Amino acid sequence: MTPRRGPPSHPAQGPRPTREDHPRERPDHPASRPLSSAEADLRARRLIDEAYTPTSHRDDSPLPRHGTTPPVAQPGRPPMSQRATDASALMLTGSVAALSVGGATSLVLYTLGQVDPVTLAMGAAGPVALVLAAGSLLRSLGRAKADEHTEHHHHYKGPVHQDQRTSRTTTRGVWAKTTTQQ
């Protein structure tokens with residue numbers, strides 16, 4: 001063995017190898033000489049087999065239709081509440097409607113050739129005003145439906161004194177005069 005060069009090694013790690021101790025530097029190591037075609041083929045097959053050796057296992061057997069297995073997210077649109085799903089479908093439908101209106105407007109403008117900016121603004125404001133009016137109407141109908149049920153049922157045992165009052169307040173003016181009526 002040749003004398004060691006370099007810093008001393010830690011006693012627990014053992015002696016530090018030198019360049020001459022490396023396996024490729026030995027004359028009997030395969031990397032120190034060119035491989036024959038049979039050895040190269042064998043080495044290539046060994047590397048390919050190591051690359052395709054499975055490191056995990058996937059069970060593709062069918063799962064039961066019901067049981068204690070927790071649900072798993074499926075590919076496609078993510079799981080959402082029914083309200084979120086309805087809102088998403090409404091937005092997708094609205095985008096298709098906006099695309100058709102925009103395409104029709106583009107076709108009309110292309111066929112006319114020249115358009116006055118005022119005419120263009122009025123033509124573009126029409127569908128927007130229609131959508132805003134429809135949205136306001138739908139919102140009003142939703143509020144009316146929420147306020148529709150006004151009947152109350154109370155069930156008590158024993159003597160009960162029930163005092164039900166309704167007060168209406170109105171605030172008007174710059175200096176905010178509030179009037180309360182009972």
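Given the structure is predicted, the values throughout are model-derived calculations rather than measurements.

### Quick word on the pairing of strand S1 (residues 168-172)
Working step 1: Counting buried positions over the five residues of S1 gives zero, only a small fraction of the element.
Working step 2: As paired strands, S1 and strand S2 (residues 177-181) are joined by five bridges and run antiparallel to one another. Across the sheet, Arg-168 pairs through a bridge with Gln-181, a residue of S2.

### Some words on the confidence of the model for the protein chain
Working step 1: Per-residue pLDDT for the protein chain has a mean of 76; in total, 79% of the residues score no lower than 70.
Working step 2: When the elements of the protein chain are averaged for pLDDT, S2 gives the smallest value, 74, and helix H1 (residues 37-51) the largest, 90.

### Some details on the pattern of salt bridges
Working step 1: Inspection of the entire model under this criterion finds two salt bridges.
Working step 2: Between Arg-45 and Asp-41 there is a salt bridge whose closest N-O contact spans 3.4 Å. With Arg-45 and Asp-41 both in helix H1, this residue pair falls four residues apart, about one helical turn.
Working step 3: A salt bridge links Arg-165 to Asp-163; the nearest nitrogen and oxygen atoms lie 3.1 Å apart.
Working step 4: On the basis of relative accessibility, which here comes to 63%, the residue Arg-165 falls in the exposed class.
Working step 5: Residue Asp-163 is classed as partly exposed on the basis of its relative accessible area of 49%.

Thresholds applied
- Residues numbered from 1 in each chain as written.
- Predicted model: local features only at pLDDT ≥ 70, side-chain atom pairs only at ≥ 80, totals over all residues.
- Heavy atoms only, no water.
- Buried < 20%, exposed > 50% of the residue type's maximum accessible area, 1.4 Å probe, protein only.
- Helix = DSSP H or I, 4+ residues; strand = E, 2+ residues; numbered from the N terminus.
- Pairing = 2+ DSSP bridges.
- pLDDT = per-residue confidence, 0-100.
- Salt bridge = Lys/Arg side-chain N within 4 Å of Asp/Glu carboxyl O.

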